[in-house]
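A structural walkthrough
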Amino acid sequence: MMRRQGSVDVLFAAVVLGMLAIAGCWAHAAAPTGTSSRTPAGQRIQELKVAQIGNPSAMDCWNFTAVDEGDIVRHFLEPLFDFDRDGAIRGAAAESWEMKSPTEWIIRLRKGMKFHDPKYEELKAEDVVASLDSCVRETSRLAIAFAKPILKHQAEILDEYTIRLTMPEPGTGGLLNNLAYAYIYPKKYLELGKEQVARRPIGAGPYKFVEWVPNQRIVVERFEGYGGPEQFIDRIVWRIIPDAFTRESEFLTGGLDVIPFVQPAWVPEIEANPNTRVERVVSGRHIHIILPVQEPPFTDKRVRQALNYAVNKKELVEQLFLGIGAVPLTGAIHPILPEADPERAGYSYDPEKAKLLLREARANGVKVGKITLYAPNDRYTLDKEMGEAVAGYWRAIGLDVEYINQPRSVLFPNLFTFKLKDPLLIGFGNIRLRAEWIFEVGYNRHYADPIPEEWQKLIDELSRTISGDPRRIELARKLDKLWTEDAKWVFMINYVDLYGVNNRVDWQPYAIENRYFLDAKPRKK
Amino acid sequence: MATLAPKWPAFLIPWKPGILRGRLAGNVAFLVSAALMLLFTFFAIWPQSVAPYDPTVNSLSLRHKPPGFVDANGGVHIMGTDHMGRDVWSRLVWGARASMLVGYTGLLLGGTVGMGIGLAAGYFGGWFDRIAMRVVDAYLSFPYILIAIVWATIIGTDMRNLVVIMAVRGWVEFARVTRGQALALRERDYITAVRALGASDLRIVWRHILANILGPILVVAGFQLGVLILLEASLSFLGIGIRAPTPAWGSMLSDARNYLNQAWWTVLFPGMAISLLVMSANFMGDSLRDRLDPALQGKA
Amino acid sequence: MYQFVTQRLLQALATIIVVSIVVFLFVHASGDPAALLLPEQATPEDIANLRAQLGLDRPLYIQYLAFMKDFWRGEALKSFRYNLPALPLVLGALRWTLALVCGAMFISVVLAIPLGTLAALRRGSLVDVMIRVVAVFGQSMPSFWVAMLLMLFFAVRFRVLPVSGLGFKHAILPMATLAFFQVAVLLRLFRSEMLEVIHQDYIRTARSKGLREAIVVYRHAFKNAAIPVITMVGLQFAALVTGAVVTDPIFAWPGVGFLMVNSVFLKDYPVVVGAAIVAAVVVTMINLAVDILYGILDPRIRVS
């Protein structure tokens, strides 16, 4: 018995020590985060910490799948064009451009844009051609961000800093907008192979890529040799934090400098805190409910209009979004675009009219039975609650409504493969800043079909004109009116994006949800 | 003959005076948890009697009022209101129904299936037993919640499917315990005797084995109820449990998590409800297990 | 002994294969990932293209075999979402999970043993009841609720700890959250084991021999009560590795749970199946070690 106890003793001690040793193993695994620092006024911000909700999918353009990456990638990869805060196109790597015909464009590059690695020297035409060939092709996952004719482009080098782009079909008025997502890599670097480029992207942007640890962070550092405007941040760290409460807590305790998607309910607290403030911008994303126009009873315009009149948008904005997180949506074209008519009124809240329209429809033989409304519950701010509210409004005009909210991973595939047969609440962010894009997009077209020839003509005309062309305004407003009156959708709200920004940083957000910090500065006290 | 008769469930035995001596605290705990369980079950069956407000009607002007708030009509919201202006206490009471329905039904279903499998495995043995045990092992090797998430995305999350998801989680422990008991009892002398007397397998299983198993099964049921309630809460928290606007404690927590800084009561109370329910279930299981302690039975 | 170990190893391997097949089938039955990987503007053609690219149009068994072959080679099998090799992703996450779980189990053991002993020695008293109530409560609280409340108190209201991140201070809240549940389980087990042991004859003998209470407790009762607890620690460790699925995202702790849940929602099959397999391997290894340990410590098992 003594011997057994002795051996048990030893084993015991070994187990305890073993556990201690393992407990020490976290010390090895733990890595320090960047240190936060107080910035002396007037100088640079040493480290900007930004919250990111999900992981980017890749650092190489042929594997981006969503334009969530645009946020981050723009900092180290220079595109040909980008947008200023008013949504106007300006050149980034490109200096000037000319549309010779609807199928031919000339682009002249800015001189002095150096790549991060001195081996690749300066950004020249050959780099642009090679990059366009890698990124802006059918085979790249980014292809969906580009209009089809652009994917079939042919690029010609005219001289060291000039290229000619030829497209097989017209309809590329939005070329520049599209090319805001065409990022330039060095040609010789691309030749080293896709794996290499994916692992360590090199571009000509204002920051150098440092690291991407999936599910943790992405880090970039200022590039001294940048050929564009001066940068005032030394290092940017995007921390991946999926939980909203955690983001808010980190922000309030100083662990983050910028957070996107602030809930309206948090605003009083953030503004009361002396170190933080809320920045607002009317968003490029709006919310609407797609009505499957081929399915009864949505085939009847009166029914569709009734569904619109039933929704009290003002109350939604005031109560759900506390008056600050959204504005009512009065048409199909995003209000941030010049093509949207600021005078348009959209559908007012008129439940009596809605009931009248329904009665009329029913009197004409349209059967309006149970309606099932779908909404995602994890994709947009207050998406689930908006759906609930709408279901309530529709019930108030006497309809039998079932409301189902599900994660986007369950809902959206049905939408994209056209299996959906019921109304769905969805958002659309116009990152291209092209008014006609929302009417061209696959699922929107499919569920709105058939559309009259006149409308298609308008869409085609719009796609041939460059942004800024005054003709667009008239065309677009006409299309908008027709689309709205026909009530292909139930128009809901347009977001007012709310960002939490630490007071040591001077930065305003962009409408298109791309969070570029290229002109962020330390705030003067 | 007396020795061949099945024993009564052991947990009823200690209701004799004397045995309670020194176990008072344990009994109090048992009684309290039983009372809580009954209370929650009452909420589930008849919520209208206790809940002053409709749990699904939104009243956006009343959002996020703190506990004790008195509204324009003089009604008191003792636990405050949530982000859609609904009374938290009413939602809590109605939420008991969803949680308990899913929990109890899942438990019943899983328990029945589990016991069936366990009995077959333990009593008949052979290849069925070996396969069953492999499956049980595999179950313990990966997180069920993962399967639950995947499955919820496939079959959807209405009540019926959730019950199935719960049952598929719950059967394992029942199977294991039943099998163990069946194995142990199979070799007992009196079973051999009864079999020698010509009793069929079915009769043996039914009269003798099952009756003796009741005690441990109830213990397992107590703990498993807790497990299933927590599983439902987790699934609802992830957005794939009981669908809005049906009140359910897990989804209440999920909705409230964004507003923890502003409205702590929307997080505190549903969580406490879940904890109390699970705790009662666990305590009952615990107490049952104590009562089955052979030292109390006087007879081996 | 050899026979025992070999047999268990084979069983473990069989279990892992079963797990991999089941998870693989389940995850493929849950729908098409291609539609999800593309943004809202994708056309059905784009989706079909992506499916072909990812090899999703091959028959299932071929996909499975290809997966099993490529996953272990590190570079070969890529995550659908990140286009990075799946195995390093999973292993990286595992490292973080193990760090957290080690810490949590350590805290749990350090707290559970003295409390359990105290409760056992003072059975029936107020102290015992209080400890038991707290333990049961700890076992009943939903972990994500505990996580949120802890974060609210210690990180936001009273700023003693950081909200999230990676590092010792940052790990305290997540470890405490996990430990809440574990302390309860271990404590109750330890207490009941101690109770059982204390009433044994040999304890009475030791006491009647006049030995000091402390020695009686430590040398005889304690160590024998600890055996099942050690095995329970092993089992709980294994359960935690796969189970901390809901608390990880709250703390932004990049563990296996976080990775798995994200990947399931994104339908990132290679990562989901890969993570499940790796987790199953870890769990079965731990179970095996626990079984062997139990065999060594408790000679009754070896003899049977």
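Residues numbered from 1 in each chain as written. Chains lettered and ligands numbered in written order. Predicted model: local features only at pLDDT ≥ 70, side-chain atom pairs only at ≥ 80, totals over all residues.

What follows is about the overall build of chain B. Within chain B, the secondary structure is distributed over 10 helices and two strands. Every one of the 300 residues in chain B was classed for burial, and the buried ones make up 52%. Partitioning the contacts of chain B with sequence separation of at least 6, the portion at a separation of at least 24 is 74%. (Helix = DSSP H or I, 4+ residues; strand = E, 2+ residues; numbered from the N terminus. Buried ≥ 20, exposed ≤ 12 C-beta atoms within 10 Å, placed from the backbone. Contact = placed C-beta atoms within 7 Å.)

Taking burial as the measure, the nine residues of helix α8 (residues 244–252) of chain A include nine buried ones, the bulk of the element. All buried positions along α8 of chain A are accounted for by A244, F245, T246, R247, E248, S249, E250, F251 and L252 of chain A. Looking at the buried positions of α8 of chain A, the neighbouring elements they touch are β1 (45–52), β11 (258–259), β12 (276–290) and β17 (489–502) of chain A together with α7 (143–157) and α11 (247–251) of chain C. Count one or two residues on from α8 of chain A and you reach G254 of chain A, which has phi positive near 90°.

All names here are of chain A. Mapped onto the fold, Q154 is located in strand β6 (residues 154–159). On the neighbour-count criterion, Q154 (12 C-beta atoms within 10 Å) is exposed. Sequence spacing of Q154 and V441 is 287 residues, and the spatial spacing of their C-alpha atoms is 24 Å.

Once that is clear, we can look at the interface of chain C and chain B. Contacts between the two partners involve 35 residues from chain C and, on the opposite side, 36 residues from chain B. Elements that contribute at least two residues to the side of chain C that touches chain B include exactly α1 (2–29), α6 (126–140), α7, α10 (213–243), α12 (256–266) and α13 (269–297) of chain C. With eight residues, the top contributor of residues to the side of chain C that touches chain B is α1 of chain C. Here the side of chain C that touches chain B is composed, by residue class, of 26 nonpolar, nine polar and no charged. (Nonpolar A, V, L, I, M, F, W, Y, C, P; charged D, E, K, R; others polar.)

The next subject is the pairing of strand β4 (residues 94–101) of chain A. All names here are of chain A. Bridge count for β4 against strand β5 (residues 104–109) is six bridges, and the pairing is antiparallel. Bridging across to β5, S101 finds its partner in E104. Where β4 folds back onto β5 in an antiparallel hairpin, the turn is made up of two residues. (Pairing = 2+ DSSP bridges.)

Next up on the list: the confidence of the model for chain B. All names here are of chain B. Residues at a pLDDT of 70 or more form 87% of chain B, whose mean pLDDT is 79. Confidence drops under a pLDDT of 50 for residues 295–300, and excluding neighbours within four residues, the segment shows six contacts in the predicted structure. For this predicted complex, the interface score ipTM comes out at 0.83, alongside a pTM of 0.85. (pLDDT = per-residue confidence, 0-100.)

Residues and elements named next belong to chain A. Taken in spatial order, the four strands make up an open sheet running β4-β5-β7-β6, and their pairing is antiparallel. Sheet topology places β4 and β6 at the edges, where each strand pairs with a single neighbour. The sheet shows a mean angle of 20° between the axes of neighbouring strands, taken without regard to direction. (Axes fitted to C-alpha atoms, helices over the stretch in contact; angles between N-to-C directions.)

Here we take up the environment of E191 of chain A. Considering the arrangement of structural elements, one finds E191 of chain A in helix α6 (residues 187–191). In this structure E191 of chain A comes out as exposed when scored by C-beta crowding, with 10 C-beta atoms within 10 Å.

Bringing unusual backbone geometry into the picture now. Most peptide bonds adopt trans geometry, and most residues besides glycine take a negative phi value. Residue and element names in this part refer to chain A. In this model, P296 is joined to P297 through a cis peptide bond whose omega is 0°. Residue placement: P297 occurs in the loop between β12 and α10 (301–309). At the junction of D449 and P450, the peptide bond is cis and its omega measures out at 0° in the coordinates. Relative to the helices and strands, P450 is located in the loop between α16 (442–448) and α17 (453–464). Phi is positive for F261, which is not a glycine, with a value near 55°.

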